[in-house]
Amino acid sequence: MAAPLRIICYHPDGVVADRAMARAIARIHQLNAVFNDYDPTSEVRRLCETAGTGKKVQVSDDLWRLLALSLKISEQTSGAFDVTIGPIVRLWRRARMSREMPPAWRFDQARQAVGYQWVRLYPEERAVELLRSGMRLDFGAVAKGYAIDAALQVMREEGVPSALIDLGGDLGLGDPPPDRHHWTVAVAAVKPGEPPSYFVRRARCGVATSGDRYRFVVIGGKRYSHIVDPRTGVGLTDQSEVTVIAPNATLADALATAVSVLGPEKGLAWVETFPDTAALYLRLVGDHTEVHTSKRWKELSGETADAQL
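To keep things clear, this report deals only with the structure shown in the data block. Note that the structure is predicted; figures quoted are calculated from it, not measured. For every chain, the first residue of the written sequence is number 1, and numbering continues from 1 along that sequence. Where local features are concerned, this predicted model is filtered to residues with pLDDT of at least 70; where side-chain atom pairs are given and counted, the filter is 80 or more; whole-chain, interface and lining totals use all residues. Where side-chain values are given, they derive from all heavy atoms of the structure, hydrogens and water being excluded.

**Section: the packing of helix 1 (residues 14-35) against helix 3 (residues 61-76)**
In step 1: Contact pair helix 1 / helix 3: the axes reach a minimum separation of 10 Å and the direction vectors enclose 70°. Here helix 3 runs roughly perpendicular to helix 1, going by the angle between their axes. Considering how the two elements wind past one another, helix 1 and helix 3 form a crossing that is right-handed. Residues Arg27, Leu31, Val34 and Phe35 of helix 1 pack against Asp62, Leu63 and Leu66 of helix 3.
In step 2: In terms of residue class, the contact of helix 1 with helix 3 is built from five nonpolar, no polar and two charged. Orientation is described by lines fitted to C-alpha atoms, with helices fitted over the stretch in contact, and by angles between N-to-C directions that extend from 0 to 180 degrees. Numbering of helices and strands runs from the N terminus, with a helix taken as a DSSP run of H or I at least four residues long and a strand as a DSSP run of E at least two residues long. Note on terminology: angles under 35 degrees are roughly parallel, angles over 145 are roughly antiparallel, angles of 65 to 115 are roughly perpendicular, and the others are oblique. Whether a crossing is left-handed or right-handed is set by the direction in which the near helix is turned from the far one by less than a right angle, anticlockwise for left-handed and clockwise for right-handed. Only heavy atoms enter the contact rule, under which two residues are in contact if any of them lie within 4.5 Å. Any residue outside Ala, Val, Leu, Ile, Met, Phe, Trp, Tyr, Cys, Pro, Asp, Glu, Lys and Arg is labelled polar, Gly included; the first ten of those are nonpolar and the last four are charged.

**Here we look at the nonpolar core**
In step 1: Nonpolar cores were defined as sets of buried Ala, Val, Leu, Ile, Met, Phe, Trp, Tyr and Cys residues, with membership established by side-chain atoms within 4.5 Å. Throughout this description, buried means an accessible area under 20% of the type-specific maximum (1.4 Å probe, protein chains only), exposed means over 50%, and partly exposed covers the range between. One finds Phe35, Leu130, Leu137, Phe139 and Met155 to be the most contacted residues of the largest nonpolar core, which totals 68 residues.
In step 2: Here this core takes 10 residues from helix 7 (residues 249-262), the largest share from any one element.
In step 3: Ignoring anything within four residues of it in the chain, the contact list for Phe35 reads Val44, Asp62, Leu63, Leu66, Phe139, Ala143 and Tyr146.
In step 4: The next biggest cluster of nonpolar side chains, apart from the first, holds 19 residues, and it includes Val200, Ala203, Leu280 and Leu300.

**Overview of the environment of Thr184**
In step 1: Mapping Thr184 onto the fold places it in strand 7 (residues 183-187).
In step 2: For Thr184 and Tyr38, which are 146 residues apart along the polypeptide, the C-alpha to C-alpha distance reads 34 Å.
In step 3: Dropping the residues within four chain positions of it, Thr184 is found in contact with Phe199, Val200 and Arg201.

Here is the structure:
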């Protein structure tokens, strides 16, 4: 999934811990073979090759579950989160490499193949049909969280429930370390060089952060994030960072991206509709960091601001 992986776990028997981690890593590799859109042999790429052909394809349980969840979130956000954004993401990948804005006709062409409403599910057959030619599914905003949850499940099955899995900065928190009540996770400041001022002190949940600290491009003097608004086809221009706490890493991962696109007012209000879920929205305006939180942030994070931003 083109992301660094770190596993921290505690168990009195090192052999048991090593076996659990090996199985967890193998499960992540298995999911990478499903969702990796860079790999032409992955399951999602093979599904996309059938777009517009009128063919429905039976898919694996993993692809079915995550696609169904992604479409649900796409509908709830009216397309601010859209799993079919692949054609536009490809344009911005090239733009970040060339540092040139794609021509307008390419945006128009890509947008014709984007739209969650053009995905048809056949539940009785666990089959999927992509209705428009050129459609490309992109699970970059949710697959890491799903892989984390799957790996944590493997760790529990192997008798190692006290674990933390970090995949590209998205976290799955299992049972806390011995003699502790929680894991402590620092939320990086949105302003480069500043120390963290917010922390998450939790266990048995997912924590995901979406932002453009490392992945952005400056074109014509304007800064564009790698996070793209599917409704416009353009990378976000706000320099922001959204951290979401949710019951699992899959949901946290998806919500972090969706809230980034929706903005603090709509995004945080939407987060409130999910049980046991909270979000922190940091936005850099000049030299000042705006701080926005959902109503349950302090309660669910178990944190207080250690310094004023």
